[in-house]
Amino acid sequence: TLPPWSLALIDNVEKAPHPALAGFRAVELGALEYSPLRGAAIAPHIDDSWLWGDRIVTCSLLSQCTMGFIKDRVEVQVRLPARSVLVMGGAARNQWLHAIRRETVTDRRISLTFR
């Protein structure tokens, strides 16, 4: 069950008039706090698609950071501004590892990830 405080936000995400979100239905919400004082980061990985589906939606709150996408020794850096939404689908979701390196977390950040 999704937390009651998140239902309006999830409803907005699911009803957003963007093709990347067509038919998206959240079944899980992950909330993470990134603090530069604790050296917060996420190691390169690909989320399980058999469990989480074909898209992941992440809302970045409070401050920006940079997410790296890694494939075949190539790394592409994507800036995630505060109050932005990132939709990962297709090759970005299934073929590229994604990570947040600790040096890109310069201020407290909250990440809300809908799967």
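Residues numbered from 1 in each chain as written. Predicted model: local features only at pLDDT ≥ 70, side-chain atom pairs only at ≥ 80, totals over all residues. Heavy atoms only, no water.

Asks: So, the overall build of the chain: which residues are in play, and what are the values?
Replies: Helix and strand counts for the chain stand at three helices and eight strands. Traced from its N-terminal end to its C-terminal end, the chain shows the element sequence α-β-β-α-β-β-β-β-α-β-β. Computed over its C-alpha atoms, the radius of gyration of the chain comes to 14 Å, within 12% of the 13 Å expected for a compact globule of 115 residues. Overall size of the chain, expressed as C-alpha extent along the three principal axes, is 35 × 30 × 25 Å. With 115 residues in all, the chain has 37% of them scored as buried. In the chain, of all internal contacts separated by at least 6 residues, the share reaching a separation of at least 24 is 76%. (Helix = DSSP H or I, 4+ residues; strand = E, 2+ residues; numbered from the N terminus. Rg over C-alpha atoms; globule rule 2.2 N^0.38 Å. Buried < 20%, exposed > 50% of the residue type's maximum accessible area, 1.4 Å probe, protein only. Contact = heavy atoms within 4.5 Å.)

Asks: Pulling in residues and values, what's your account of the sheet that holds strand β6 (residues 84–89)?
Replies: Overall, antiparallel pairing links the four strands, which are arranged β1-β8-β3-β6 in an open sheet. Both outer strands of the open sheet, β1 (29–34) and β6, are each paired with one neighbouring strand and no more. Across the sheet, the mean angle separating the axes of adjacent strands is 20° when strand polarity is ignored. As paired strands, strand β3 (residues 55–61) and β6 are joined by six bridges and run antiparallel to one another. Considered in β6, the bridge of C59 is made with V85. (Pairing = 2+ DSSP bridges. Axes fitted to C-alpha atoms, helices over the stretch in contact; angles between N-to-C directions.)

Asks: Can you tell me about unusual backbone geometry, naming the residues and giving the values?
Replies: If you check the backbone angles, L62 has positive phi at about 80° while not being a glycine. Owing to a relative accessible area of 53%, L62 belongs among the exposed residues under this scheme. Phi at D72 is positive, roughly 50°, even though this residue is not glycine.

Asks: Help me get a handle on the layout of surface pockets, residues and values and all.
Replies: Put simply, the largest pocket is a space of about 180 Å³. Lining the largest pocket we find 17 residues, and of these L32, Y34, I42, T113 and R115 sit closest to its centre. Secondary structure elements with two or more residues in the lining of the largest pocket: β1, β2 (42–45), β3, β7 (97–100) and β8 (109–114). In terms of residue count, the dominant contributor to the lining of the largest pocket is β1 (four residues). (1 Å grid on protein atoms, 1.4 Å probe; cavity = no way out; pocket = protein on both sides within 12 Å on 5 of 7 lines; lining within 4 Å. Points joined across faces, edges and corners; volume = space filled by probe spheres on them.)

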